[in-house]
Amino acid sequence: MSIHAIDSNLDAVTQAKIDIAASLRLAVYHELEEGIDNHFTVTEPGSDDRYLVLPFGLHWSEARASDMMSFNEAGETLDGDGVVELSAQCIHAPIHRITGRRVVFHTHQNWALALNMLEDNRLIPACQTSAFFDGLIAYDDHYPGTADTLEEGERLARLIGDKQVVFLKNHGVLVAVDSIARAYRMLYMLERVCRAQIRAMSTGNRLQPISAEVIRQVQTPDANDRHKGERDNLFFAAMKRLLDREMPGYAD
(Lines give C-alpha, C1' and ligand atoms only; values in the text may rest on other atoms or scores of the structure.)
Protein backbone atom coordinates (compact mmCIF):
# COMPACT_ATOMS: atom_id res chain seq x y z
CA MET A 1 0.00 0.00 0.00
CA SER A 2 1.41 3.38 -1.02
CA ILE A 3 1.55 5.95 1.76
CA HIS A 4 1.03 8.67 -0.85
CA ALA A 5 -2.33 7.36 -2.15
CA ILE A 6 -1.94 8.85 -5.64
CA ASP A 7 -2.83 6.58 -8.56
CA SER A 8 -0.41 7.32 -11.38
CA ASN A 9 -2.85 5.73 -13.83
CA LEU A 10 -5.49 8.39 -13.24
CA ASP A 11 -5.72 11.58 -15.27
CA ALA A 12 -5.40 14.87 -13.38
CA VAL A 13 -9.09 15.80 -13.58
CA THR A 14 -10.23 12.45 -12.18
CA GLN A 15 -7.66 12.67 -9.37
CA ALA A 16 -8.83 16.19 -8.52
CA LYS A 17 -12.46 15.03 -8.36
CA ILE A 18 -11.50 12.15 -6.06
CA ASP A 19 -9.57 14.48 -3.78
CA ILE A 20 -12.37 17.06 -3.60
CA ALA A 21 -14.84 14.33 -2.68
CA ALA A 22 -12.40 13.05 -0.04
CA SER A 23 -12.00 16.56 1.39
CA LEU A 24 -15.76 17.03 1.65
CA ARG A 25 -16.25 13.72 3.45
CA LEU A 26 -13.31 14.42 5.74
CA ALA A 27 -14.89 17.77 6.63
CA VAL A 28 -17.95 15.82 7.82
CA TYR A 29 -15.78 13.35 9.75
CA HIS A 30 -13.91 16.21 11.45
CA GLU A 31 -17.06 18.32 11.98
CA LEU A 32 -15.95 21.21 9.77
CA GLU A 33 -19.08 21.24 7.58
CA GLU A 34 -22.65 22.59 7.57
CA GLY A 35 -24.46 19.89 5.63
CA ILE A 36 -24.93 21.18 2.07
CA ASP A 37 -23.61 24.71 2.65
CA ASN A 38 -20.13 26.22 2.19
CA HIS A 39 -17.96 25.25 -0.75
CA PHE A 40 -14.72 23.60 -1.83
CA THR A 41 -13.65 24.54 -5.37
CA VAL A 42 -10.67 23.59 -7.52
CA THR A 43 -9.58 25.00 -10.85
CA GLU A 44 -10.04 22.13 -13.28
CA PRO A 45 -6.63 20.74 -14.28
CA GLY A 46 -5.73 21.88 -17.79
CA SER A 47 -7.92 24.98 -17.53
CA ASP A 48 -7.75 28.45 -16.00
CA ASP A 49 -11.45 29.33 -16.09
CA ARG A 50 -13.34 26.13 -15.25
CA TYR A 51 -13.92 25.21 -11.63
CA LEU A 52 -14.86 21.88 -10.03
CA VAL A 53 -17.44 21.84 -7.24
CA LEU A 54 -20.01 19.54 -5.63
CA PRO A 55 -23.48 20.38 -7.02
CA PHE A 56 -25.52 22.29 -4.47
CA GLY A 57 -28.00 20.16 -2.58
CA LEU A 58 -25.83 17.09 -2.01
CA HIS A 59 -24.74 16.48 1.56
CA TRP A 60 -20.97 16.52 1.96
CA SER A 61 -21.03 13.01 3.45
CA GLU A 62 -22.34 11.58 0.17
CA ALA A 63 -19.84 13.35 -2.11
CA ARG A 64 -18.37 11.16 -4.86
CA ALA A 65 -15.86 11.93 -7.58
CA SER A 66 -18.52 11.20 -10.20
CA ASP A 67 -20.80 13.86 -8.69
CA MET A 68 -18.40 16.73 -9.34
CA MET A 69 -19.48 19.32 -11.88
CA SER A 70 -17.54 22.13 -13.52
CA PHE A 71 -18.75 25.71 -13.83
CA ASN A 72 -17.47 29.07 -15.02
CA GLU A 73 -17.58 32.56 -13.54
CA ALA A 74 -20.91 33.22 -15.25
CA GLY A 75 -22.37 30.38 -13.17
CA GLU A 76 -22.93 28.11 -16.15
CA THR A 77 -22.67 24.34 -15.72
CA LEU A 78 -20.04 23.18 -18.22
CA ASP A 79 -19.86 19.50 -17.31
CA GLY A 80 -21.83 17.24 -15.00
CA ASP A 81 -25.28 17.55 -13.48
CA GLY A 82 -26.62 20.20 -11.14
CA VAL A 83 -26.03 23.89 -10.58
CA VAL A 84 -23.48 25.90 -8.66
CA GLU A 85 -24.76 27.77 -5.61
CA LEU A 86 -24.66 31.55 -6.03
CA SER A 87 -22.16 32.34 -3.28
CA ALA A 88 -19.76 29.70 -4.61
CA GLN A 89 -19.90 31.42 -7.99
CA CYS A 90 -19.58 34.93 -6.55
CA ILE A 91 -16.86 34.24 -3.96
CA HIS A 92 -14.80 31.44 -5.42
CA ALA A 93 -14.60 32.15 -9.16
CA PRO A 94 -13.18 35.70 -8.81
CA ILE A 95 -10.68 34.52 -6.18
CA HIS A 96 -9.44 31.79 -8.52
CA ARG A 97 -9.23 34.23 -11.43
CA ILE A 98 -7.55 37.13 -9.65
CA THR A 99 -5.17 35.31 -7.29
CA GLY A 100 -4.40 32.40 -9.60
CA ARG A 101 -4.82 30.00 -6.66
CA ARG A 102 -6.00 26.60 -7.81
CA VAL A 103 -7.83 25.60 -4.62
CA VAL A 104 -10.30 27.65 -2.55
CA PHE A 105 -11.95 26.06 0.51
CA HIS A 106 -14.51 28.00 2.58
CA THR A 107 -16.21 26.81 5.76
CA HIS A 108 -18.07 28.00 8.82
CA GLN A 109 -16.20 25.47 10.98
CA ASN A 110 -17.13 25.78 14.63
CA TRP A 111 -14.02 26.86 16.53
CA ALA A 112 -12.69 29.17 13.82
CA LEU A 113 -16.14 30.72 13.56
CA ALA A 114 -16.25 31.18 17.33
CA LEU A 115 -12.98 33.10 17.21
CA ASN A 116 -14.33 35.24 14.35
CA MET A 117 -17.36 36.16 16.46
CA LEU A 118 -15.08 37.99 18.90
CA GLU A 119 -14.32 41.70 18.64
CA ASP A 120 -10.61 40.80 18.69
CA ASN A 121 -10.46 37.74 16.44
CA ARG A 122 -6.70 37.57 15.86
CA LEU A 123 -5.02 34.18 16.00
CA ILE A 124 -2.28 34.55 18.60
CA PRO A 125 0.99 32.67 17.93
CA ALA A 126 1.03 31.13 21.38
CA CYS A 127 1.71 27.52 20.38
CA GLN A 128 3.77 25.77 17.73
CA THR A 129 0.83 25.22 15.37
CA SER A 130 -0.36 28.82 15.50
CA ALA A 131 3.23 29.93 14.88
CA PHE A 132 3.08 28.15 11.51
CA PHE A 133 0.07 30.33 10.58
CA ASP A 134 1.74 33.58 11.65
CA GLY A 135 1.95 35.94 8.66
CA LEU A 136 -0.30 33.74 6.49
CA ILE A 137 -3.66 35.18 7.59
CA ALA A 138 -5.55 38.15 6.15
CA TYR A 139 -8.37 39.59 8.24
CA ASP A 140 -11.67 40.81 6.80
CA ASP A 141 -12.99 42.92 9.66
CA HIS A 142 -16.35 43.88 8.15
CA TYR A 143 -19.12 41.38 7.49
CA PRO A 144 -20.95 42.62 4.36
CA GLY A 145 -23.78 40.06 4.42
CA THR A 146 -24.35 37.20 2.01
CA ALA A 147 -22.37 37.17 -1.23
CA ASP A 148 -24.56 37.57 -4.31
CA THR A 149 -22.34 39.56 -6.68
CA LEU A 150 -18.94 38.89 -8.24
CA GLU A 151 -17.71 42.13 -6.69
CA GLU A 152 -17.60 40.44 -3.28
CA GLY A 153 -15.26 37.75 -4.56
CA GLU A 154 -13.11 40.39 -6.22
CA ARG A 155 -12.92 42.31 -2.93
CA LEU A 156 -11.82 39.20 -1.07
CA ALA A 157 -9.26 38.37 -3.77
CA ARG A 158 -7.66 41.79 -3.29
CA LEU A 159 -7.68 41.27 0.48
CA ILE A 160 -5.92 37.90 0.19
CA GLY A 161 -2.85 39.30 -1.54
CA ASP A 162 0.04 36.99 -0.67
CA LYS A 163 -1.77 35.38 2.28
CA GLN A 164 -3.20 31.86 2.32
CA VAL A 165 -6.00 32.16 4.87
CA VAL A 166 -8.76 34.74 5.39
CA PHE A 167 -10.53 35.22 8.72
CA LEU A 168 -14.01 36.49 7.84
CA LYS A 169 -15.43 38.45 10.78
CA ASN A 170 -18.84 37.13 11.91
CA HIS A 171 -18.68 34.58 9.10
CA GLY A 172 -16.02 31.86 8.85
CA VAL A 173 -12.68 31.12 7.23
CA LEU A 174 -11.33 30.70 3.72
CA VAL A 175 -8.16 29.00 2.47
CA ALA A 176 -6.70 29.79 -0.97
CA VAL A 177 -3.66 27.72 -1.97
CA ASP A 178 -2.45 25.55 -4.85
CA SER A 179 -3.07 21.98 -3.68
CA ILE A 180 -6.04 20.14 -2.24
CA ALA A 181 -3.78 18.38 0.26
CA ARG A 182 -2.48 21.67 1.63
CA ALA A 183 -5.93 23.28 1.69
CA TYR A 184 -7.47 20.50 3.75
CA ARG A 185 -4.52 20.21 6.11
CA MET A 186 -4.66 23.96 6.76
CA LEU A 187 -8.39 23.88 7.53
CA TYR A 188 -7.91 20.91 9.85
CA MET A 189 -4.98 22.43 11.74
CA LEU A 190 -6.64 25.84 11.84
CA GLU A 191 -9.70 24.41 13.55
CA ARG A 192 -7.58 22.68 16.18
CA VAL A 193 -5.50 25.75 16.94
CA CYS A 194 -8.58 28.00 17.17
CA ARG A 195 -10.08 25.53 19.63
CA ALA A 196 -6.88 25.56 21.67
CA GLN A 197 -6.79 29.37 21.76
CA ILE A 198 -10.41 29.70 22.85
CA ARG A 199 -9.92 27.10 25.56
CA ALA A 200 -6.80 28.86 26.79
CA MET A 201 -8.63 32.21 26.75
CA SER A 202 -11.49 30.68 28.74
CA THR A 203 -9.15 30.25 31.74
CA GLY A 204 -9.07 34.03 32.12
CA ASN A 205 -5.28 34.03 32.11
CA ARG A 206 -3.18 35.93 29.58
CA LEU A 207 -1.76 33.98 26.65
CA GLN A 208 2.02 33.86 26.22
CA PRO A 209 2.91 34.55 22.57
CA ILE A 210 5.97 32.95 21.02
CA SER A 211 8.77 35.39 20.18
CA ALA A 212 9.24 36.58 16.59
CA GLU A 213 12.69 34.96 16.55
CA VAL A 214 11.30 31.53 17.46
CA ILE A 215 8.44 31.94 14.97
CA ARG A 216 10.99 32.53 12.20
CA GLN A 217 12.84 29.40 13.31
CA VAL A 218 9.63 27.34 13.36
CA GLN A 219 8.66 28.52 9.87
CA THR A 220 12.11 27.97 8.33
CA PRO A 221 12.40 24.52 6.73
CA ASP A 222 15.10 22.39 8.33
CA ALA A 223 17.71 21.23 5.84
CA ASN A 224 17.74 17.87 7.61
CA ASP A 225 13.94 17.40 7.44
CA ARG A 226 13.49 13.96 5.85
CA HIS A 227 9.93 14.86 4.80
CA LYS A 228 10.49 18.41 3.58
CA GLY A 229 7.87 19.36 1.02
CA GLU A 230 5.94 16.12 1.57
CA ARG A 231 4.03 16.75 4.78
CA ASP A 232 0.80 18.02 3.20
CA ASN A 233 0.61 15.05 0.83
CA LEU A 234 1.49 12.53 3.53
CA PHE A 235 -1.18 13.99 5.82
CA PHE A 236 -3.84 13.93 3.13
CA ALA A 237 -2.97 10.41 2.02
CA ALA A 238 -3.30 9.23 5.63
CA MET A 239 -6.68 10.92 5.88
CA LYS A 240 -7.87 9.19 2.71
CA ARG A 241 -6.86 5.85 4.19
CA LEU A 242 -9.00 6.75 7.20
CA LEU A 243 -11.90 7.41 4.83
CA ASP A 244 -11.35 4.07 3.12
CA ARG A 245 -12.03 2.47 6.50
CA GLU A 246 -14.74 4.77 7.86
CA MET A 247 -16.54 6.41 4.89
CA PRO A 248 -15.71 4.51 1.70
CA GLY A 249 -17.16 5.42 -1.69
CA TYR A 250 -15.75 8.90 -2.25
CA ALA A 251 -13.68 7.73 -5.25
CA ASP A 252 -16.69 6.26 -7.08
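The structure this text deals with has already been given above.
Residues numbered from 1 in each chain as written. Predicted model: local features only at pLDDT ≥ 70, side-chain atom pairs only at ≥ 80, totals over all residues. Heavy atoms only, no water.

**Student:** So what exactly am I meant to see when it comes to the overall build of the protein chain here?
**Tutor:** Within the protein chain one finds eight helices and eight strands. At 18 Å, the protein chain has a C-alpha radius of gyration in line with the 18 Å of a compact globule built from 252 residues. Along the three orthogonal principal directions, the C-alpha set of the protein chain runs to about 50 × 45 × 30 Å. Of all 252 residues assigned to the protein chain, the portion counted as buried reaches 47%. Per element, the accessible surface of the protein chain, about 12,500 Å² overall, is 48% carbon and sulfur. Positive and negative charge centroids in the protein chain, built from 25 and 37 side chains respectively, lie 8 Å apart. (Helix = DSSP H or I, 4+ residues; strand = E, 2+ residues; numbered from the N terminus. Rg over C-alpha atoms; globule rule 2.2 N^0.38 Å. Buried < 20%, exposed > 50% of the residue type's maximum accessible area, 1.4 Å probe, protein only. Areas by Shrake-Rupley, 256 points an atom, 1.4 Å probe, with all protein chains shown as cover. Lys, Arg positive; Asp, Glu negative; His and termini not counted. Charge placed at Lys NZ, Arg CZ, Asp CG, Glu CD.)

**Student:** Looking at this structure, I do not really get the packing of aromatic side chains. What am I missing?
**Tutor:** Counted by the stated rule, this structure contains five aromatic pairs. Judged by centre distance (3.8 Å) and plane angle (10°), the ring pair of phenylalanine 40 and phenylalanine 105 falls under stacked. Taken together, the residues span a long stretch of sequence, with phenylalanine 40 in strand β1 (residues 39–43) and phenylalanine 105 in strand β5 (residues 103–107) at a distance of 65 residues. With respect to class, phenylalanine 40 is no different from phenylalanine 105; both count as buried. For the ring pair tyrosine 51 and phenylalanine 71, a centre distance of 5.6 Å and an interplane angle of 55° mean the geometry is tilted. (Phe/Tyr/Trp six-rings, centres within 6.5 Å; stacked < 30°, edge-to-face > 60°.)

**Student:** Please clarify how the side chain of glutamate 44 should be interpreted in this entry.
**Tutor:** Within the secondary structure layout, glutamate 44 lies in the loop between β1 and β2 (51–53). The class of glutamate 44 is buried, set by a relative accessible area of 12%. Residue contacts for glutamate 44: discarding those within four places in its chain leaves Val13, Arg50, Tyr51, Leu52, Ser70 and Arg102. (Contact = heavy atoms within 4.5 Å.)

**Student:** Can you walk me through the sheet that holds strand β8 (residues 172–177) in this structure?
**Tutor:** Within a beta sheet, neighbouring strands are joined by backbone hydrogen bonds and run either parallel or antiparallel to one another. The strand order across the open sheet built from eight strands is β4-β3-β2-β1-β5-β8-β7-β6, with neighbouring strands paired in mixed fashion. With partners counted over all chains shown, the strands left at the sheet margins are β4 (77–79) and β6 (137–140), one partner each. Direction aside, neighbouring strands of the sheet carry axes that sit 25° apart on average. As judged from the four bridges shared by strand β7 (residues 165–168) and β8, these two strands associate in the antiparallel manner. Residue pairing for β8: valine 166 is matched across the bridge by leucine 174. (Pairing = 2+ DSSP bridges. Axes fitted to C-alpha atoms, helices over the stretch in contact; angles between N-to-C directions.)

**Student:** Sorry if this is basic, but what is going on with the packing of helix α1 (residues 12–29) against helix α8 (residues 231–246) here?
**Tutor:** Each pair of packed helices gets described by two things: the angle between the helix axes and the distance between those axes. Where α1 contacts α8, the two axes come as close as 10 Å, and the packing angle between them is 70°. Taken as axis vectors, α1 and α8 run roughly perpendicular relative to one another. Mapping the contact onto sequence places Gln15, Asp19, Ala22, Ser23, Arg25, Leu26 and Tyr29 in α1 and Phe236, Met239, Lys240, Leu242, Leu243 and Glu246 in α8. Among the residues making up the contact of α1 with α8, the classes are represented as seven nonpolar, two polar and four charged. (Parallel < 35°, antiparallel > 145°, perpendicular 65-115°, else oblique. Nonpolar A, V, L, I, M, F, W, Y, C, P; charged D, E, K, R; others polar.)

**Student:** Would you take a moment to explain the nonpolar core for this structure?
**Tutor:** One broad trend across soluble globular proteins is that nonpolar side chains are buried collectively. One finds Leu123, Phe167, Tyr184 and Leu190 to be the most contacted residues of the largest nonpolar core, which totals 49 residues. Examining the composition of this core, we find that eleven residues originate from one element, helix α6 (residues 180–201), more than from any other. In this structure leucine 190 touches Gln109, Leu123, Phe133, Val165, Phe167 and Val173, once residues within four positions along its chain are discounted. Ala147, Val166, Leu168 and Leu174 belong to the second largest nonpolar core, which has twelve residues in total. (Core = buried A, V, L, I, M, F, W, Y, C linked by side-chain atoms within 4.5 Å.)

**Student:** Sorry if this is basic, but what is going on with the pairing of β5 here?
**Tutor:** Consecutive side chains along a regular strand alternate between the two faces of the sheet. Burial within β5 is extensive, with five of its five residues counted as buried. Both faces of β5 are covered, namely the face carrying Val103, Phe105 and Thr107 and the face carrying Val104 and His106. Sheet topology places β1 next to β5; four bridges connect them, and they run antiparallel. Among the inter-strand pairings, valine 42 is bridged to a residue of β5, identified as valine 103. In this structure, β5 lies alongside β8, joined through five bridges in antiparallel fashion.

**Student:** Just to check I follow, could you spell out the side chain of histidine 39 for this structure?
**Tutor:** Mapped onto the elements, histidine 39 comes out in strand β1. Side chain to side chain, histidine 39 and glutamate 85 meet in a polar contact 2.9 Å long. One polar contact links histidine 39 to serine 87, side chain to side chain, over a distance of 3.3 Å. Those residues in contact with histidine 39 that lie beyond four places of it in its chain are Phe56, Trp60, Glu85, Ser87, Ala88, His92, Val104, Phe105 and His106. (Polar contact = N/O pair within 3.5 Å; in protein donor to acceptor, adjacent residues only side chain to side chain.)

**Student:** Help me out: how do you make sense of unusual backbone geometry in this one?
**Tutor:** Trans peptide bonds make up the majority, and among non-glycine residues the majority have a negative phi. Unlike most non-glycine residues, glutamate 31 shows phi in positive territory, near 60°. Considering the arrangement of structural elements, one finds glutamate 31 in the loop between α1 and β1. Phi at asparagine 170 takes a positive value of approximately 65°, unusual for a residue other than glycine. Mapped onto the fold, asparagine 170 is located in the loop between β7 and β8. With a relative accessible area of 44%, asparagine 170 lands in the partly exposed category.

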